[in-house]
Amino acid sequence: MTARDPRIDAYIAKSADFAKPILTHLRAVVHSACPEVEETTKWSAPFFMYKGVLCSMAAFKEHCVFGFWKGSLIVDKNGGRVDEAAGQFGRITMVSDLPSKTVLAGYIKAAMKLNEDGVKSPARAKPKGKDEPVSVPPELAGALKKNKKAHATFEAFTASKKREYTEWIGSAKGDATRARRLEQAIEWMSEGKSRNWKYINC
């Protein structure tokens, strides 16, 4: 097994008690499935590298996330919740929220194969009418008024970055999903982050 990055040891150690077993479990599964994996951090979060970015994990106040860099090519619509609170497995609050070790290992090996073959992530389609004024969902507008930091961040965004949030929230199919996305959006914007902050400059 490759050497562990002490920054990830420290990250896990300072995470909330509920998050520690989740992060430790994910780390162990990644190393088991990919013995050649290299650890690093990006934006202060743990990343796993193998011929490029393989996957990453992060802990928040009440949940963790885990995702593959080329998730749309790895986790099908029945195996994960793509685009849900970042990553492909939604908000993880306990180890049992994750697929089994065998299933996760299969995803990891699929991610390894994509990197070995030099397969690139599917290009995102450019939104139509990108120069048109951004229509802000009422619930987002209301939440922004209550959070000065998030509001300042949103106002400083380019139209395309504003649209990333408005379309993400507006495309939610249910009230519960919309509420979760709204909460996450405000949290990220209050920290000065864009919708896709985890995937920039990698």
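To keep things clear, this report deals only with the structure shown in the data block. (Residues numbered from 1 in each chain as written. Predicted model: local features only at pLDDT ≥ 70, side-chain atom pairs only at ≥ 80, totals over all residues. Heavy atoms only, no water.)

### Examining the overall build of the chain
Scanning the chain for helices and strands turns up seven helices and four strands. Ordered by position in the sequence, the α and β elements of the chain form the string α-α-β-β-β-β-α-α-α-α-α. Sorting the 202 residues of the chain into buried and exposed places 45% on the buried side. Summing over all exposed atoms, the chain offers an accessible surface of approximately 10,900 Å²; the carbon and sulfur share of this is 53%. (Helix = DSSP H or I, 4+ residues; strand = E, 2+ residues; numbered from the N terminus. Buried < 20%, exposed > 50% of the residue type's maximum accessible area, 1.4 Å probe, protein only. Areas by Shrake-Rupley, 256 points an atom, 1.4 Å probe, with all protein chains shown as cover.)

### A word on the nonpolar core
Counting residues in hydrophobic clusters, the biggest one holds 55 residues, and the most contacted among them are Leu54, Phe66, Phe68, Phe89, Ile108 and Met189. Look past the residues within four positions of isoleucine 108 in its chain and what remains in contact with it is Val29, Val30, Ala33, Cys34, Leu54 and Phe68. (Core = buried A, V, L, I, M, F, W, Y, C linked by side-chain atoms within 4.5 Å. Contact = heavy atoms within 4.5 Å.)

### Looking at the packing of aromatic side chains
Enumeration according to the criterion identifies eight aromatic pairs in this entry. Centroid distance phenylalanine 68 to phenylalanine 89: 6.4 Å. Interplanar angle 70 degrees. Geometry classified as edge-to-face. Separated by 21 residues along the polypeptide, phenylalanine 68 in strand S4 (residues 64–68) and phenylalanine 89 in the loop between S4 and helix H3 (101–116) bring together distant segments of the chain. The exposure class of phenylalanine 68 is buried, given its relative accessible area of 2%. (Phe/Tyr/Trp six-rings, centres within 6.5 Å; stacked < 30°, edge-to-face > 60°.)

### Some thoughts on the environment of aspartate 117
Position of aspartate 117 among the secondary structure elements: in the loop between H3 and helix H4 (138–145). Considering only alpha carbons, one finds aspartate 117 and lysine 51, 66 residues apart in sequence, at a separation of 9.6 Å.

### Some words on the sheet that holds strand S3 (residues 53–59)
Strand order in this open sheet of four strands is S1-S2-S3-S4, and the pairing throughout is antiparallel. Single-partner strands in this sheet number two, and they are strand S1 (38–42) and S4. Direction aside, the axes of adjacent strands within the sheet are offset by 20 degrees on average. For strand S2 (residues 45–49) and S3, the ladder comprises three bridges, and the chain directions are antiparallel. Paired with phenylalanine 47 across the strands is serine 56, a residue of S3. Running over the sheet, helix H1 (residues 6–14) touches S1, S2 and S3 and is turned about 60 degrees from S1. (Pairing = 2+ DSSP bridges. Axes fitted to C-alpha atoms, helices over the stretch in contact; angles between N-to-C directions.)

### What about unusual backbone geometry?
At lysine 51, a residue that is not glycine, the phi angle is positive and equals roughly 55 degrees. Residue placement: lysine 51 occurs in the loop between S2 and S3.

### Some words on the environment of lysine 148
As for its position among the elements, lysine 148 is in helix H5 (residues 148–156). Each C-alpha atom of the pair lysine 148 and serine 190 lies 7.8 Å from the other, and the pair is 42 residues apart in sequence.

### Some points on the packing of H5 against helix H7 (residues 175–190)
Where H5 meets H7, the axes come as close as 7 Å, and the angle between the chain directions of the two elements is 80 degrees. In this view, H5 runs roughly perpendicular relative to H7, as classed from their interaxial angle. Contact residues: Lys149, Ala150, Thr153 and Phe154 in H5; Ile186, Met189 and Ser190 in H7. (Parallel < 35°, antiparallel > 145°, perpendicular 65-115°, else oblique.)

### Quick word on H1
Within H1, the full set of buried residues consists of Ile8, Tyr11 and Ile12. Viewed end-on, H1 has its buried residues packed into an arc of 95 degrees, placing them on one side of the element. Along H1, the residues that are exposed and aim more than 90 degrees away from the buried face are Pro6, Ala13 and Lys14. Elements in contact with the buried residues of H1: helix H2 (19–33), S1, S2 and S3. (Arc of directions from axis to C-beta.)

### Regarding the pairing of S2
In terms of residue burial, S2 counts as a mostly covered element, since five of its five residues are buried. What you see with S2 is no split at all: Ala45, Phe47 and Met49 on one side and Pro46 and Phe48 on the other are buried throughout. The turn linking S1 back onto S2 is made up of two residues, and tryptophan 43 within it adopts a positive phi angle of 55 degrees. A loop of three residues connects S2 with S3, the two strands running antiparallel in sequence, and lysine 51 in this loop sits at a positive phi of about 55 degrees.

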